[in-house]
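# Coordinate analysis (summary)
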Amino acid sequence: METSALLMEGLQLMVLGMGAVFLFLSLLVVAMHLTSRVVRVIDEHQERSIPTTQASAGMAQADSDAVIAIAAAVHRYRHTHKH
């Protein structure tokens, strides 16, 4: 085969490969946007359907207590392990 024919075939394969990659990445971007919209709609629906109860208020207090305990432990560790 001639060199120019080989170069032309290589160019065609390169364009075909790059086109396939571009198409795949474009489809991936579209799929991610659609997934984002679906998740956003589901999240909004769940926020409206979750009732606020005293149990969730108790959980908030427990979370607050855990944060305070962790902060105290970190402060104590930093105080005793000065470098």
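Quick summary incoming for the structure in this document. (Residues numbered from 1 in each chain as written. Predicted model: local features only at pLDDT ≥ 70, side-chain atom pairs only at ≥ 80, totals over all residues. Heavy atoms only, no water.)

### Thoughts on the overall build of the chain
Quick reminder of the rule: The way it works is that DSSP assigns letters per residue, a run of H or I at least four long becomes a helix, a run of E at least two long becomes a strand, and they are numbered from the N terminus. Here's how the labels work: a residue is buried when its accessible area is under 20% of the maximum for its type, exposed when over 50%, partly exposed in between, all with a 1.4 Å probe on protein chains only. Calculation of accessible area relied on Shrake-Rupley with a 1.4 Å probe; when residues are assessed, cover is drawn exclusively from the protein chains displayed.
In terms of regular secondary structure, the chain is built from two helices and zero strands. Looking at the chain as a whole, 0% of its 83 residues qualify as buried. As presented, the chain carries roughly 8,000 Å² of accessible surface, and 70% of it is formed by carbon and sulfur atoms.

### With respect to the environment of Met1
Operational definition: Contacts: residue pairs with any heavy atoms within 4.5 Å of one another.
For Met1, the location among the structural elements is in the segment before α1 (3-49). Among the residues examined, Met1 registers a relative accessible area of 79% and is labelled exposed. Sequence-distant contacts of Met1, defined by excluding residues within four places in its chain, comprise Leu6 and Glu9.

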